[in-house]
Number of protein chains: 2
Amino acid sequence: MTLMKSWVDSANDANHPFPLNNLPYGVFSVSDDDPHCGVAIGDMIFDCAAAEESGLIDLGVGSVFDVPFWNEVMELGADKWAELRARLTAILSEGSADQDAAKDMLVAQSDATMHMPFLVSEYTDFYAGKNHAFNVGTMFRGPENALPPNWLHIPIGYNGRASSVVVSGTDVRRPWGQLKGPNDAAPRFAPCARFDIELEVGAIVGTASDGPITVQEADDNIFGYVLLNDWSARDIQAWEYQPLGPFQAKATATTISPWIVTKAALNPFRCDTPAREVELLDHLKDCGPMLYDIDLEVTLRPEGGSESTIARTNYKEMYYSAAQQLAHHTTSGCPMNTGDLLGSGTISGPTKESRGSLLELSWGGKEPLELASGETRNFIEDNDTLTLKGAAKGDGYTIGFGDCVGKVLPALDDPYKR
Amino acid sequence: MTLMKSWVDSANDANHPFPLNNLPYGVFSVSDDDPHCGVAIGDMIFDCAAAEESGLIDLGVGSVFDVPFWNEVMELGADKWAELRARLTAILSEGSADQDAAKDMLVAQSDATMHMPFLVSEYTDFYAGKNHAFNVGTMFRGPENALPPNWLHIPIGYNGRASSVVVSGTDVRRPWGQLKGPNDAAPRFAPCARFDIELEVGAIVGTASDGPITVQEADDNIFGYVLLNDWSARDIQAWEYQPLGPFQAKATATTISPWIVTKAALNPFRCDTPAREVELLDHLKDCGPMLYDIDLEVTLRPEGGSESTIARTNYKEMYYSAAQQLAHHTTSGCPMNTGDLLGSGTISGPTKESRGSLLELSWGGKEPLELASGETRNFIEDNDTLTLKGAAKGDGYTIGFGDCVGKVLPALDDPYKR
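Parameters at a glance
- Residues numbered from 1 in each chain as written.
- Chains lettered and ligands numbered in written order.
- Predicted model: local features only at pLDDT ≥ 70, side-chain atom pairs only at ≥ 80, totals over all residues.
- Heavy atoms only, no water.
- Helix = DSSP H or I, 4+ residues; strand = E, 2+ residues; numbered from the N terminus.
- Rg over C-alpha atoms; globule rule 2.2 N^0.38 Å.
- Buried < 20%, exposed > 50% of the residue type's maximum accessible area, 1.4 Å probe, protein only.
- Contact = heavy atoms within 4.5 Å.
- Areas by Shrake-Rupley, 256 points an atom, 1.4 Å probe, with all protein chains shown as cover.
- Least-squares fit on C-alpha atoms with pLDDT ≥ 70 in both.
- Pairing = 2+ DSSP bridges.
- Axes fitted to C-alpha atoms, helices over the stretch in contact; angles between N-to-C directions.
- UniProt positions renumbered as here; feature names shortened; annotations may be inferred.
- Buried area = accessible area lost by both parts, 1.4 Å probe.
- Salt bridge = Lys/Arg side-chain N within 4 Å of Asp/Glu carboxyl O.
- Polar contact = N/O pair within 3.5 Å; in protein donor to acceptor, adjacent residues only side chain to side chain.
- Nonpolar A, V, L, I, M, F, W, Y, C, P; charged D, E, K, R; others polar.
- Phe/Tyr/Trp six-rings, centres within 6.5 Å; stacked < 30°, edge-to-face > 60°.
- Lys NZ or Arg CZ within 6 Å of the ring centre and 35° of its normal.
- Patch = residues over 30% accessible without salt bridge, like charges linked within 9 Å, V, L, I, M, F, W, Y side chains within 5 Å.
- Lys, Arg positive; Asp, Glu negative; His and termini not counted.
- Charge placed at Lys NZ, Arg CZ, Asp CG, Glu CD.
- Expected span 1.5 Å × (residues − 1).
- Domains from an automatic or database assignment.

> Lay out the overall build of chain A in plain terms, naming residues and giving numbers.
Secondary structure assignment for chain A yields 10 helices and 27 strands. Computed over C-alpha atoms, the radius of gyration of chain A comes to 21 Å, within 12% of the 22 Å expected from 2.2 N^0.38 for 418 residues, which places it in the range of a compact globule. Buried positions account for 62% of the 418 residues belonging to chain A. Within chain A, contacts between residues separated by at least 24 positions form 71% of all contacts whose residues are at least 6 apart in sequence. Just so you have it, chain A exposes about 14700 Å², and 48% of that area is on carbon and sulfur atoms.

Following this line, the structure appears as structure tokens:
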């Protein structure tokens, strides 16, 4: 696969995140328009609702784009996903007969506001990055007991809060919570002092299921991927999480990037999971390359300061693919729905510079991180802006994700005052 | 408060679960009708959609009853909840001028099929019954360490799967899962051998919130209550639940009773939480009686056998009220939505006969339970029917919940065969 040429000039750059090869799906609005579906091409957005209204796109199923979510398209299933992608490719290709009709349906991304690209049905967050699990386990239990006994056998995860998922650009308010340090006599209710990111990739379920599904079926059911920052209040988490798992520590916000990058766009970047230390049971075994080679990066920008890259890693560091996670999610018969979002778990590489959370980067606050500005960080400070970036690098082209950005506002003085 | 008389004769019985004092909300259908909203009165259902169409009920907000869920009414807020209850009370009271118009809008419950009464936005399950937490903790960690350190300070809970919530009467298929006993060399994938119930009461969020709310605000936002059976695969749970909490063990199904009993109907039965062993922090402190005196019962009926009562307890055994749980749920800023369902946690009393799960009743399978038929049970066997029952007993009247029933079907031979 090489760069596919478009008549939208800005898309024909080897480093542009949104070439014709990508065609990621988002929801946008311009001025007072109602948010609706569009696809990114170069610096522009192609207005799918306008294309549908004019007849330029017709999936034969009635109107599906003049709504502020992609769930209706997801529900159509894989054949229609392929049909839509083929049609968009034809319309936007260099030399397309549709260029004249389509060119008035382009909007500059710089003029648009991006919204949540889909309705999140339910949100599950996994813990399937081995370096992350090992690092966190080492800090809490020592290196001998770092990985929980089940870790190499199932992609462990917990259910998160769909209501807290927000789109890139949404400010995140530092939460209050109940805290108790190991040496405190009693807990107290106070603002979180150890607010953190988690660098993740989110998989979006496109096709619903109602019973156990295989890893291959799970891969088939996934619609696409986004970058995902699972904001985490480490001090709230430490006090609340035993024995039932993370709860309020993860419920303030989870930010996703605005563009759904489809499985089709990522296909050339499929790669295998790492070698297994123990054989998986049959129902979770790999049956093809279902991870993706996606370069990932985290930056931190203090208020008024410059941006520092604080971590670089790759999605292929995961021990379990999203398909394996989804298959495991269904083993008990759990119904999965269109719009379910699965967080990969924090993606950390083997080196210090490739760790996907401040908890790991500062080793629990013991090794402060130096920023370009000379400032240091253990955890996030007020008005810091954190950005996740992701891109798969092909032969002369890039499949970019669009940044996943969030600025952390100071905690309220009194969270109950309105 | 005494029994309020209705012109629907069957409602005027001191032991009937659905007198005029109750008026619980459900979704029903008769033959091929689309499911829509109705209210139980005696042995009948008053068809709210028909009443709305004829103008007998008019909340001034357009049509809200001709849909298969009560969420639209919930979203209207507490003033409209009170207005609706007052209007229904007027229509169905003895001597009502509306009797002639309303009598054709009654359907016999025996002719109706009940459906899920509301759309579950998200589902959270708490662990807020002290006897249950103490019993389970004692089995796993000994009586000295039975309660986790945070337990007396916050109502701990975890997010469950809304997609798995079903209405009473739905069969539940015994799940498969990954299992590993403490003496097994490796895990295996097999049908659950320790399938269990959890006797709970579910609180339904009526009014949404978007930031921390007080206990009083939380109580105000609750629309009503249902009985809730959180089916639990104890062997799957034992292997998966550390460190992230219950996941697939709780995702097969959660069954709720078909009628939403409103807060208004339960008001006469409000009672205080038990004496606190340690003082709660201000934001979680009790600010009025927010538990309810509701007698609860669990029965088990083997296929073809007779029903045995295996547990009797009361909702007032909880350590935390649903209002305290909801308030805690919002501390981090977590948005809560209309239709969010909060499970109380298993409700066990102090005596052996008042334990709300088979895990406790059989003490981890070591003390088999004797049934009326002479059979014994450690956990649920195939084709057993489990029923939760609940009723608040007033002065000459009863506020009943309608049974919460589920029959457990055998596991599939091969869960991946279709």
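> Can you explain the relation of the copies chain B and chain A? Please cite residues and give values.
The two copies are related by a screw motion: chain B maps onto chain A through a turn of 180° and a shift of 0.0 Å along the axis, at an RMSD of 0.0 Å. What the rotation and shift describe, once combined, is the action of a two-fold rotation axis. Looking at the rotation axis and the C-alpha trace of chain B, the residue lying nearest is G245 of chain B, at 2.2 Å. A shared binding surface is used by both copies, with 100% of the interface residues of chain B retained as interface residues in chain A.

> I'd like a rundown of the sheet that holds strand β3 (residues 44-47) of chain B, residues and numbers included.
All names here are of chain B. Taken in spatial order, the 5 strands of this open sheet run β4-β3-β2-β1-β5, and their pairing is antiparallel. Both edges of this open sheet fall to β4 (106-108) and β5 (113-115), since each of them pairs with a single strand only. Each strand of the sheet is rotated relative to its neighbour by a mean of 50°, with strand direction disregarded. Pairing geometry for strand β2 (residues 36-41) and β3, over 4 bridges, is antiparallel. Counted as the bridge partner of I41 is M44 from β3.

> Describe the UniProt feature "domain: Fumarylacetoacetase-like C-terminal" (unreviewed entry) in chain A, with residues and values.
Mapped onto this numbering, the UniProt entry gives "domain: Fumarylacetoacetase-like C-terminal" (unreviewed entry) at residues 124-402 of chain A. Its end C-alpha atoms 22 Å apart, residues 124-402 of chain A is made of 15% helix and 29% strand.

> I'd like a rundown of the interface of chain B and chain A, residues and numbers included.
Listed as interface residues are 58 residues of chain B and, on the opposing side, 58 residues of chain A. For the pair chain B and chain A, the summed buried area comes to about 5300 Å², and 57% of that belongs to carbon and sulfur atoms. When the buried surface of chain B facing chain A is broken down by residue, R161, L244 and F247 of chain B rank first, second and third, together holding 15% of it. For the salt bridge of R161 of chain B with D340 of chain A, the shortest nitrogen-to-oxygen distance reads 2.8 Å. Linking chain B with chain A are 26 residue pairs in polar contact (both at pLDDT 80 or more), by the criterion used here. Of all the secondary-structure elements, those providing two or more residues to the side of chain B that touches chain A are β6 (123-126), β7 (157-159), β10 (176-179), β11 (188-191), α7 (234-240) and α9 (322-329) of chain B. If one sorts the elements of the side of chain B that touches chain A by residue count, β7 of chain B sits on top with 3 residues. Residues belonging to the side of chain B that touches chain A are distributed by class as follows: 28 nonpolar, 23 polar and 7 charged.

> Tell me what's going on with the pattern of salt bridges, and back it up with residues and numbers.
For the coordinates displayed, the defined rule picks out 48 salt bridges over all chains. Between R377 of chain B and E375 of chain B there is a salt bridge, with its nearest N and O atoms 3.3 Å apart. Exposure remark for R377 of chain B: the relative accessible area of 3% places this residue in the buried category. Shared partners join several salt bridges into a network, and the residues in it are D196, E198, D230, R234 and K250 of chain A.

> Got a sec to walk through the packing of aromatic side chains? Specific residues and values, please.
Residue and element names in this part refer to chain A. Applying the stated rule across the entire model yields 32 aromatic pairs over all chains. Judged by centre distance (4.0 Å) and plane angle (15°), the rings of Y25 and W70 are stacked. In this pair, Y25 sits in strand β1 (residues 25-29) while W70 sits in the loop between α1 (48-54) and α2 (71-76), placing the two residues 45 residues apart along the sequence. Each member of the pair, Y25 as well as W70, is classed as buried. Here the aromatic cluster, defined as three or more aromatic residues joined through ring pairs, consists of Y25, F65, W70, W81 and F223. The aromatic ring of Y319 is capped on one face by R276, whose charged end is 4.4 Å from the ring centroid.

> Explain a negative patch on the surface to me, and be specific about the residues and the numbers.
All names here are of chain A. Where like charges cluster on the molecular surface, the negative patch consists of D32, D33, D34, E53 and D66. With respect to the helices and strands, the residue E53 is situated in helix α1. For E53, a relative accessible area of 74% corresponds to the exposed category.

> Explain the pairing of strand β2 (residues 36-41) of chain A residue by residue, including any values.
Residue and element names in this part refer to chain A. In terms of burial, β2 is largely enclosed, as 6 of its 6 residues are buried. With 4 bridges joining them, β1 and β2 adopt antiparallel strand pairing. Paired with G26 across the bridge in β2 is G38. The antiparallel pairing of β1 with β2 creates a hairpin that spans 6 residues between the two strands, and S31 there sits at a positive phi of about 45°. Turn length for the β2-strand β3 (residues 44-47) hairpin, with the two strands adjacent in sequence and antiparallel, is 2 residues, and the turn residue G42 shows positive phi of about 55°.

> If you had to explain the sheet that holds strand β4 (residues 106-108) of chain A to someone new, which residues and values would you point to?
Residues and elements named next belong to chain A. Pairing within the open sheet is antiparallel, and its 5 strands lie in the order β4-β3-β2-β1-β5. Only two strands of the sheet have a single neighbouring strand rather than two, namely β4 and β5 (113-115). Within the sheet, the average angular offset between the axes of one strand and its neighbour, ignoring direction, is 50°. As defined by bridge partners, β3 adjoins β4 across 3 bridges and the pair is classed as antiparallel.

> Can you tell me about the UniProt feature "domain: Fumarylacetoacetase N-terminal" (unreviewed entry) in chain A, naming the residues and giving the values?
Within this numbering scheme, the UniProt entry marks residues 21-117 of chain A as carrying the feature "domain: Fumarylacetoacetase N-terminal" (unreviewed entry). Counted over residues 21-117 of chain A, helix gives 34% and strand 22%. Its end C-alpha atoms are 19 Å apart.

> I'd like to hear about helix α5 (residues 130-141) of chain B, residue by residue, with values.
The periodicity of an α-helix, 3.6 residues per turn, causes residues three or four positions apart to be oriented the same way. A rise of 1.5 Å per residue sets the reference length of α5 of chain B, with its 12 residues, at 16 Å; its end C-alpha atoms lie 15 Å apart and thus fit the reference within 8%. Directly after α5 of chain B, the chain includes G142 of chain B, whose backbone phi takes a positive value near 90°.

> Residue-level account of helix α9 (residues 322-329) of chain A, with values.
All names here are of chain A. Of all 8 residues making up α9, 8 are buried, and the element is well covered by its neighbours. For α9, every residue scored as buried is listed here: A322, A323, Q324, Q325, L326, A327, H328 and H329. The inward-facing, buried residues of α9 abut β6 (123-126), β7 (157-159), β13 (199-205), α6 (215-221), β14 (222-230) and β22 (341-343).

> I'd love a proper account of the domain arrangement of chain A, names of residues and values included.
Residues and elements named next belong to chain A. Segmenting chain A into domains produces domain 1 (9-115) and domain 2 (123-409). The C-alpha centroid of domain 2 is placed 29 Å from the C-alpha centroid of domain 1. At the interface, 26 residues of domain 1 touch 27 residues of domain 2. Interface area, domain 1 with domain 2, both sides summed: about 1900 Å², of which 68% is carbon and sulfur. Counting the contacts that link domain 1 with domain 2 gives 0 salt bridges.

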